[in-house]
Amino acid sequence: MRGWTPDTRFGEWFQRTDVWRRYVLAVALDELQAMQGSAPRFGRLLDAGCGAGLGFAEITQRFEPDEIVGVDVDPQQVRRAMVTARESAIPVRLVRAELSRMPVQSRCFDVVLCHQTLHHVTNASGVLAEFFRLLRPGGLLLLAESCRPFLESIPVRVLFRHPAQGLRKAGAHLDLLRSTGFEVLRTATPRPFWSEPVVSLRTTLGFSRKALREPKELLVVARRPFVSPNE
């Protein structure tokens, strides 16, 4: 079974636009940078689900890694990312692979960035286990995810495609991280402005206040422990 769900044509196009870069990606990276605190400068950073590579310059500006490794399963996206990589101020290596099976040696990354990617895969537990394998002890996972209340909204369901297995509430994402072995250091549940029209629509349709309070986006800084339970 395919481990990911291709997006709609609109979704693929939108994630290559400057609107996506400025108001979705850059905003999340700003918050993750603030949340990570005084972490040392990163050596190698994995951009998991890098798409067309819009994040390379944004990552470089905030985290200044020595090298970025971008991984994406879509060959067309990897070809686009190659063009972007040539413009990068730091070395970028690209790998085409599913995130649950990456041909990369264990414990070779200081940080894994997974931005709006996990809800596209059908085997999130396998993907997180792979992130855990690839991180050095003490390495960080920076995760930004849309949550079930947003992904199930009518505009998002019409314009984008996500597998049913990717629809999780914020608490379920955190449970999955912890069951994989990650230490959850910091979390945030921002309400980005682009989710507000969805809130208004759900209010009009009569959803309960409790449902409206459910986080629509989750940001997490998690760490692979220096000593894992099985070591």
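Model, not experiment: these values are computed from the prediction. (Residues numbered from 1 in each chain as written. Predicted model: local features only at pLDDT ≥ 70, side-chain atom pairs only at ≥ 80, totals over all residues. Heavy atoms only, no water.)

Enquirer: I'd like a description of the overall build of the protein, backed by residues and values.
Expert: Secondary structure assignment for the protein yields 10 helices and 7 strands. Among the 231 residues that make up the protein, the fraction classed as buried is 52%. Taking as baseline every contact in the protein between residues at least 6 positions apart, the subset at least 24 positions apart corresponds to 79%. Entry remark: accessible area of the protein is about 11,000 Å², with carbon and sulfur atoms responsible for 53%. (Helix = DSSP H or I, 4+ residues; strand = E, 2+ residues; numbered from the N terminus. Buried < 20%, exposed > 50% of the residue type's maximum accessible area, 1.4 Å probe, protein only. Contact = heavy atoms within 4.5 Å. Areas by Shrake-Rupley, 256 points an atom, 1.4 Å probe, with all protein chains shown as cover.)

Enquirer: Can you explain the pairing of strand E7 (residues 217-223)? Please cite residues and give values.
Expert: Burial of E7 is extensive: 6 of the 7 residues sit out of reach of the surface. Where strand E5 (residues 135-146) meets E7, 7 bridges bridge the pair, whose relative direction is antiparallel. The residue of E7 that forms the bridge with Ser 146 is Glu 217. In this sheet, E7 lies alongside strand E6 (residues 183-188) in antiparallel orientation, the contact comprising 5 bridges. Within E7, the residue paired with Glu 183 across the bridge is Arg 223. (Pairing = 2+ DSSP bridges.)

Enquirer: Can you explain the confidence of the model for the protein? Please cite residues and give values.
Expert: The predicted coordinates of low-pLDDT regions are not to be read in fine detail. Of the residues in the protein, 87% reach a pLDDT of 70 or more, and the chain-wide mean stands at 88. Per-residue pLDDT, averaged within each element of the protein, yields its smallest value for helix H9 (residues 196-204) (51) and its largest for strand E2 (residues 67-72) (98). (pLDDT = per-residue confidence, 0-100.)

Enquirer: Describe unusual backbone geometry, and please don't skip the residues or the numbers.
Expert: The phi torsion of most residues other than glycine is negative, and most of the peptide bonds are trans. In this structure, Glu 64 takes a positive phi of about 50° despite not being glycine. Assignment of secondary structure puts Glu 64 in the loop between helix H3 (55-63) and E2. The backbone of Gln 116 shows a phi angle near 55°, a positive value even though the residue is not glycine.

Enquirer: Talk me through the side chain of His 119; I want residue IDs and the actual numbers.
Expert: Along the chain, the position of His 119 falls in the loop between strand E4 (109-115) and helix H5 (124-134). Here the side chain of His 119 touches Glu 145 through a polar contact of 2.7 Å, side chain to side chain. The contacts of His 119, once residues within four sequence positions are left out, are Glu 145, Ser 146, Leu 151, His 162, Pro 163 and Gly 166. (Polar contact = N/O pair within 3.5 Å; in protein donor to acceptor, adjacent residues only side chain to side chain.)

Enquirer: Could you give an account of the packing of aromatic side chains, naming the residues involved and the relevant values?
Expert: On inspection of all chains with the given rule, the structure shows 7 aromatic pairs. Both rings, one in Phe 10 and one in Phe 160, keep their centres 5.5 Å apart while their planes meet at 65°; by these two values the pair is edge-to-face. Of this pair, Phe 10 sits in helix H1 (residues 9-14) while Phe 160 is found in the loop between helix H7 (154-159) and helix H8 (170-180), placing the two residues 150 residues apart along the sequence. Between Phe 14 and Phe 160 the ring centres are 6.2 Å apart and the planes differ by 65°, which places this aromatic pair in the edge-to-face class. (Phe/Tyr/Trp six-rings, centres within 6.5 Å; stacked < 30°, edge-to-face > 60°.)

Enquirer: Outline the pattern of salt bridges, listing residues and values.
Expert: Counted by the stated rule, this structure contains 13 salt bridges. Put simply, Arg 21 and Asp 18 hold a salt bridge, and the shortest N to O gap is 2.6 Å. Of this pair, Arg 21 and Asp 18 both sit in helix H2 (residues 18-36), 3 residues apart, roughly one helical turn. Classification of Arg 21 as partly exposed rests on a relative accessible area of 25%. (Salt bridge = Lys/Arg side-chain N within 4 Å of Asp/Glu carboxyl O.)

Enquirer: Lay out the side chain of Gln 77 in plain terms, naming residues and giving numbers.
Expert: With respect to the helices, strands and loops of the structure, Gln 77 is situated in helix H4 (residues 75-86). Residue classification places Gln 77 among the buried residues on the basis of a relative accessible area of 10%.

Enquirer: An account of H2 is requested, with residue identities and associated values reported.
Expert: If you check H2, its first and last C-alpha atoms are 25 Å apart, about what 19 residues at 1.5 Å a residue would give, namely 27 Å. The principal kink in H2, of about 35°, is found at Ala 26. Backbone geometry just after H2 places Gly 37 at a positive phi near 70°. (Expected span 1.5 Å × (residues − 1). Bend = angle between axes of the 7 residues up to and from the residue.)

Enquirer: Got a sec to walk through the environment of Gln 77? Specific residues and values, please.
Expert: Along the sequence, Gln 77 and Gly 53 sit 24 residues apart, while their C-alpha atoms lie 8.1 Å from each other. Not counting residues within four places of it along the chain, the set of residues in contact with Gln 77 comprises Arg 16, Gly 51, Ala 52 and Asp 72.

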